[in-house]
Amino acid sequence: MKIDRRLFANFDWVLLGLLLLISGIGILNLYSAGYNLASGGEPFYTKQMYWVLLGLVVMVVTFSIDYHIIIRHAYLIYVVSLSLLFLVFFYGNITHGSQRWLVIYGFSFQPSELMKLAIIIALVRYFDDNMGRGYSPGNLAILLTIVGIPFFMIARQPDLGTAMFMMILFLSMVVFIGVGRRLLIYFTLGGLIFAPLCWFFLKDYQRERILTFLNPERDPLGAGYHIIQSIIAIGSGGIWGKGFLKGTQTQLRFLPEQQTDFAFSVFAEEWGFGGVCALMFMFLMLILWGLKITRYSRDLPGALTAFGVTMFVFWGIFINVGMVIGIFPVVGIPLPFFSYGGSSMIALMAGAGLLMNVSMRRFILQP
Amino acid sequence: MFGKQDRLTGYDPVRFRNKIRVIIWLVFLAFFILIARFWYLQAVRGDNLRQRSENNRIRIQEIKPLRGLIMDTHGNILVDNQSSFDISIIPEAAKDIEGVMNKLAGLCDWGPNAISRESASLKSGRPFIPVRVCKNIDRDQMAVVETNSLDLPGVVVDIVPVREYIYGEMMAHILGYVGNISGPELGRAVYSDYRSDDIVGKCGIEKYLDGYFKGKSGGEQVEVDAAGRRLNVLGGVKPSPGYNVVLNVGADLQKICWDAFQEKAGTAIVMDPRTGAVMAMVSSPSFDPNLFNRGISGDRWKKLTADPLCPLQNRAVSGQYPPGSTYKLVVAAAALEEGLITENTEIFCDGTYQMGDRTFRCWKKGGHGKVNLHRAIVESCDVYFYHLGEMLGVDKLAEYAGEFGLGYKTGIALPGEKGGLIPTKEWKRKKYGEPWQKGETTSLSIGQGFVLVTPLQLLRAYCAIANGGILYKPQLIKRIETVDRQTVRDFPPEKEGFISVSRKNIDILKYALRGAVNDPHGTGGALKRPEKDVCGKTGTAQVIRMREDTSDDVVGDIQYKFRDHALFVCFAPYKDPTIAILVIVEHGGHGGSVSAPIARRIVDGYFNLEQRRKKK
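A quick note: this is a predicted structure, and the numbers were derived from the prediction, not measured.

Asker: What is the right way to read the overall build of chain B from this model?
Answerer: Broken down by element type, chain B carries 22 helices and 23 strands. The proportion of buried residues among the 616 residues of chain B is 42%. Counting contacts in chain B only where the partners sit at least 6 residues apart, residues at least 24 apart contribute 73% of the total.

Asker: Is there a simple way to think about the overall build of chain A in this case?
Answerer: When its secondary structure is counted, chain A shows 15 helices and three strands. Residue burial in chain A is summarised as follows: out of 367 residues, 49% are buried. Within chain A, counting contacts between residues at least 6 apart in sequence, those at least 24 apart form 71% of the total.

Asker: Looking at this model, I keep getting lost on the environment of Glu-390 of chain B. Mind explaining?
Answerer: Residues and elements named next belong to chain B. Mapped onto the fold, Glu-390 is located in helix 16 (residues 382-392). A C-alpha to C-alpha distance of 7.8 Å links Glu-390 and Lys-438, two positions 48 residues apart in sequence. Setting aside residues no more than four positions away along its own chain, Glu-390 makes contact with Thr-441 and Thr-442.

Asker: How should I be thinking about the nonpolar core in this particular structure?
Answerer: Soluble, globular proteins show a tendency: their nonpolar side chains are buried together. Core analysis: the largest hydrophobic core is formed by 129 residues, its most contacted members being Cys-257, Ile-269, Cys-570, Ile-581 and Ile-602 of chain B. For this core, the leading source of residues is helix 20 (residues 455-466) of chain B, giving nine residues. Both of domain 2 (60-243) and domain 3 (315-474 + 494-568) of chain B provide at least three residues apiece to this core. Those residues in contact with Ile-602 of chain B, other than ones at most four positions away along the chain, are Ile-256, Cys-257, Ala-260, Ala-268, Val-270 and Ile-581 of chain B. Among the nonpolar cores identified, the runner-up in size contains 112 residues, and Ala-74, Ile-234 and Leu-304 of chain A together with Phe-16 of chain B belong to it.

Asker: How should I be thinking about the sheet that holds strand 23 (residues 579-585) of chain B in this particular structure?
Answerer: Residue and element names in this part refer to chain B. Taken in spatial order, the five strands of this open sheet run 12-11-23-22-21, and their pairing is antiparallel. For this open sheet the edge positions go to strand 12 (278-284) and strand 21 (535-541), each flanked by a neighbour on one side alone. Across this sheet, the average inter-strand angle for adjacent strands is 5°, counted without regard to direction. Pairing analysis gives seven bridges linking strand 21 to strand 22 (residues 565-572), with the strands arranged antiparallel. Bridge pairing links Gly-539 to Leu-567 in strand 22.

Asker: I tried to follow the pairing of strand 11 (residues 266-271) of chain B on my own but got confused; where do I start?
Answerer: Within a regular strand, the side chains alternate between the two sheet faces. Residues and elements named next belong to chain B. Counting buried positions over the six residues of strand 11 gives six, a clear majority of the element. Summarising the sheet, strand 11 and strand 12 pair through six bridges and their orientation is antiparallel. Looking at the pairing, Gly-266 lines up with Ser-284 of strand 12. In textbook terms, the turn of a hairpin is the stretch between consecutive antiparallel strands, and for strand 11 and strand 12 this stretch comprises six residues, one of which, Gly-276, has a positive phi near 85°. Here six bridges tie strand 11 to strand 23, and the two strands are oriented antiparallel to one another. Its bridge partner being in strand 23, Ile-269 is matched across the sheet by Leu-582.

Asker: Whenever I open this one, unusual backbone geometry confuses me. Can you help?
Answerer: Excluding glycine, most residues fall at negative phi; most peptide bonds, likewise, are trans. All names here are of chain B. The omega torsion of the bond from Ser-284 to Pro-285 falls at 0°, within 30 degrees of zero and hence cis. Relative to the elements of secondary structure, Pro-285 occurs in the loop between strand 12 and helix 12 (298-306). In the segment running from Ala-572 into Pro-573, the intervening peptide bond is cis, with an omega of -15°. Tracing the sequence through the fold places Pro-573 in the loop between strand 22 and strand 23. Positive phi, normally seen in glycine, also occurs at Cys-310, with a value near 45°. Relative to the helices and strands, Cys-310 resides in the loop between helix 12 and helix 13 (315-318).

Asker: What is the right way to read the packing of helix 5 (residues 74-91) of chain A against helix 7 (residues 137-155) of chain A from this model?
Answerer: Relative placement of two packed helices is described by the angle separating their axes and the distance separating the axes. Residue and element names in this part refer to chain A. Two elements in contact, helix 5 and helix 7, have axes separated by 10 Å at closest approach and are oriented at 25°. Of the possible angle classes, the one that applies to helix 5 and helix 7 is roughly parallel. Seen along the crossing, helix 5 lies across helix 7 with a hand that is left-handed. In contact with Leu-82, Leu-85 and Phe-89 of helix 5, helix 7 contributes Ile-149, Pro-150, Met-153 and Ile-154. When the residues that make up the contact of helix 5 with helix 7 are grouped by side-chain class, the tally is seven nonpolar, no polar and no charged.

Asker: How should I be thinking about helix 14 (residues 300-324) of chain A in this particular structure?
Answerer: Given 3.6 residues per turn, any residue in an α-helix points the same way as the ones three and four places further on. Residue and element names in this part refer to chain A. Compared with the 36 Å implied by 1.5 Å per residue over 25 residues, the 36 Å span of helix 14 between its first and last C-alpha is a close match. Judged by how many residues are buried, helix 14 sits mostly within the fold: 24 of 25 residues are covered. Two residues or fewer past helix 14, Gly-326 is found with a positive phi of approximately 80°.

Asker: Explain the environment of Lys-255 of chain B here, please?
Answerer: With respect to the helices and strands, the residue Lys-255 of chain B is situated in helix 11 (residues 251-261). Along the chain, Lys-255 of chain B and Ala-280 of chain B lie 25 residues apart, while their C-alpha atoms are 8.7 Å from each other.

Asker: I would appreciate a short explanation of the environment of Phe-86 of chain A in the present structure.
Answerer: Positionally, Phe-86 of chain A belongs in helix 5. Taking C-alpha positions, Phe-86 of chain A is 7.4 Å from Met-153 of chain A, a pair spaced 67 residues apart along the chain.

Asker: What am I meant to see in helix 5 of chain A here?
Answerer: Residue and element names in this part refer to chain A. Under the 1.5 Å per step criterion, the end-to-end length of helix 5 is 25 Å for 18 residues, consistent within 8% with the ideal 26 Å. Along helix 5, the residues that are buried comprise Ala-74, Tyr-78, Ser-81, Leu-82, Leu-84, Leu-85 and Val-88. Mapping the buried residues of helix 5 onto a view down its axis gives an arc of 150°, with all of them on the same face. The outward face of helix 5, more than 90 degrees from its buried face, is lined by the exposed residues Leu-76, Val-79, Ser-83, Phe-90 and Tyr-91.

Asker: What exactly am I supposed to notice about the packing of helix 3 (residues 44-64) of chain A against helix 15 (residues 342-360) of chain A here?
Answerer: Residue and element names in this part refer to chain A. For the pair helix 3 and helix 15, the least separation of the axes is 7 Å and the interaxial angle reads 35°. Handedness of the crossing formed by helix 3 with helix 15: right-handed. For the pair helix 3 and helix 15, the contacting residues are Trp-51, Val-52, Leu-54, Gly-55, Leu-56, Val-58, Met-59, Val-61, Thr-62 and Phe-63 in the first and Gly-342, Met-345, Ile-346, Met-349, Ala-350, Ala-352, Gly-353, Leu-354, Met-356, Asn-357 and Met-360 in the second. When grouped by side-chain class, the residues that make up the contact of helix 3 with helix 15 number 16 nonpolar, five polar and no charged.

Asker: Sorry if this is basic, but what is going on with the confidence of the model for chain B here?
Answerer: In regions of low pLDDT, the predicted coordinates are not meant to be interpreted in detail. Residues and elements named next belong to chain B. Scored by pLDDT, chain B has a mean of 85; 89% of the residues are at 70 or more. Residue range residues 1-9 is modelled with pLDDT below 50. Its contacts to residues more than four positions away, or to other chains, number six contacts. A low-confidence stretch, residues 546-555 (pLDDT under 50), is modelled with three contacts involving residues beyond four sequence positions or located in other chains. Overall fold confidence (pTM) sits at 0.63, and the ipTM for the predicted complex is 0.91.

About the thresholds
Residues numbered from 1 in each chain as written. Chains lettered and ligands numbered in written order. Predicted model: local features only at pLDDT ≥ 70, side-chain atom pairs only at ≥ 80, totals over all residues. Helix = DSSP H or I, 4+ residues; strand = E, 2+ residues; numbered from the N terminus. Buried ≥ 20, exposed ≤ 12 C-beta atoms within 10 Å, placed from the backbone. Contact = placed C-beta atoms within 7 Å. Core = buried A, V, L, I, M, F, W, Y, C linked by C-beta atoms within 7 Å. Domains from an automatic or database assignment. Pairing = 2+ DSSP bridges. Axes fitted to C-alpha atoms, helices over the stretch in contact; angles between N-to-C directions. Parallel < 35°, antiparallel > 145°, perpendicular 65-115°, else oblique. Left-handed = near helix turned anticlockwise from the far one by under 90°. Nonpolar A, V, L, I, M, F, W, Y, C, P; charged D, E, K, R; others polar. Expected span 1.5 Å × (residues − 1). Arc of directions from axis to C-beta. pLDDT = per-residue confidence, 0-100.

See the structure below:
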């Protein structure tokens, strides 16, 4: 493959720098979270290092191939991801009562993470093909199918958090592309009918989650305990934090899921409000940078791809951080580039690669 | 270039630009909300929450479930759970580690060296992780530590459930043992939902059915004091114990087999030929699985693994032996079924057989004279079978061995089963790059040479003669059930297939096996029990080629490891057999004189038990 020299000239060093900075702090944070853990096997922070490295390799792949070519194959990628979800349904590994993992040669892999990315580019492809023809109920049906199938597959694993996350991602893109008033009414009506219906399809433990969010005392061992301990951890960090490796909530293991869902609580406890502001500033820069790429992209698929990936990261931050400070229910959405998780790290790095892809090619005209 | 709408694509950057401006404001708002909340928690409520974190004594403690029990076929418990007590110290809570350790040693009458080794790891380790300083203390010591707990800050007594193998070494190979999950095991997909402090089965049934035994952990929200002692339980979820497993093995029959063996190395298996149920399985020498409970000491482990008699190996399923004369059954079945001989075919045995430039001998010096098939089996005439082997050829023999399930794993519910070896011409070409020699077929026809079988395979083959041709899967497990005796999984008899030998020929062979025990010159005369009507076959498997000048009765002069293996397979009663037994004594000498008496004790014991049970 011949690569245009101008691509190097336009390489997005700011984006790469932000990613490395955030992932690096994340790894340091995992080191602390695992410090007082009687461990068997490789510690989380070294594993996360491997995932970041592997993610960077994947990123190189996703920014090297022109995003127009990737979007041309969007439906293929979508179908492959969907088949993996079906595989999970039949052969997936069951842990903690839900079937989310596919084990291949000893490696666990979560296809729902890949699906988030596949949905974004499938939507880009669909909007790009149908732009300017107006929306009919037919369009709506197809859109809902693209999102609906994976939504149900993931919701019945059951992983309602990830399923809802996908829905939010989808709605963000729909609003961004702009919909007619009529379609907006359809969506609103659909949502109003759908939401109470959902309540009946929820598993008991999922209803319990929502009730627990409203009243943390309901579930002393599970989510309620998680929220309380997380808030204590964050608050006790104060302005300047307790110091690296010195967070008692973390080191005494009062804080649950320190490596994954509540990794940010560990950070907030040990680095305090100052640290939180610094890290949140980096995240904010990342999002604004993504929106800047969206704004200056040279065509519609570019803008949509950049926007979709930016929203992927944004909602991840907003929901995860909202969760650890107790303004959202505990839904198991990792903090992008920060929480431990191989599948999510790879999917995010691949997404970042797409962002870079759009950024690098904004001055290059298609031949 | 971004100003104008692109006519071709309908791309309108201006519209997006305005939208992006709105979205940027929304993103700022979102981040502002989050930061505001952090400000509220960390600055406004910071002091309050820091206090709460310092007083935070509420944590989740996992409660491990009890591992499932194992019962024998009559409901007697074979493996139970007991409690063992450990002492740990939390360095951060103990502060003065040296002082606490000395106090502990004084209270429990330990010598100064008993716990000093761990103090190094106490000082250098992580402050909040409890360090186990003493394992497996007795109840009295535990009581002393508990009553003095106020003087012993940071000292915690852990109750650890341990497995109790009631029958010790007698059943070690069936039941296996348990231990802490190892690093490599944790990495394997089967153990994906295990954690680094879990106990897993390491071999035997414990390993094979680990997922059923495991159960589900519960947890408690407990209030602990500064030293980590529990003050209050605030709520929790009970663990659910693992499933219990019922075996087909009977503890009483197993004991009879074990006692009959008396220190000899070898194996005995008892099977029900009507179902394939394994009623007893002994492998000797054995080991005490209780030794592994709290981690076996290095010395003991070394001793077990270095023992030339391999006590850890389950000879019944992973021992591979030349079948010796017991293999003649397969040769005879093949010759009959192929129409090469009838039951009346007579061959003259003068004690030798010439194949090429090699002379093969019959075990009986001077030969048996004129023998037919019945007498050839009864008196185990080698020359008769040398001739049959020559007629059949190696590949035909292998085909029939396969019919009897030899050369394949039986699929019994135990890890580490071996498949045995049934040689063919192709096998030898691949393995050695040499063509098959005719003389090798001659050795093969009396179960010598390359052929290897596992004891379990061999017994199953004889069961197929006993039950009229059905090859059952050997079934060790009868049932898996919940604690309140609800069946989770049943293990009914599984027919693997039918051997392709006609009913008539099976009857001829079965009658000959009866003769081998009951006829005047039968090699299995030791089992002669008119009322029980035993059928059987002896076998003497040479470990090295028989030297020309040794005869069988100078066993004592030969070095142990070069002595023959003694085999005996039998079933009873002749009409509708209910029990089949295999006995192999390694390097024991002659099958008829060493293994047959052991089999006799098992047969007698079995029928006594049956009678007693009927009376009840």
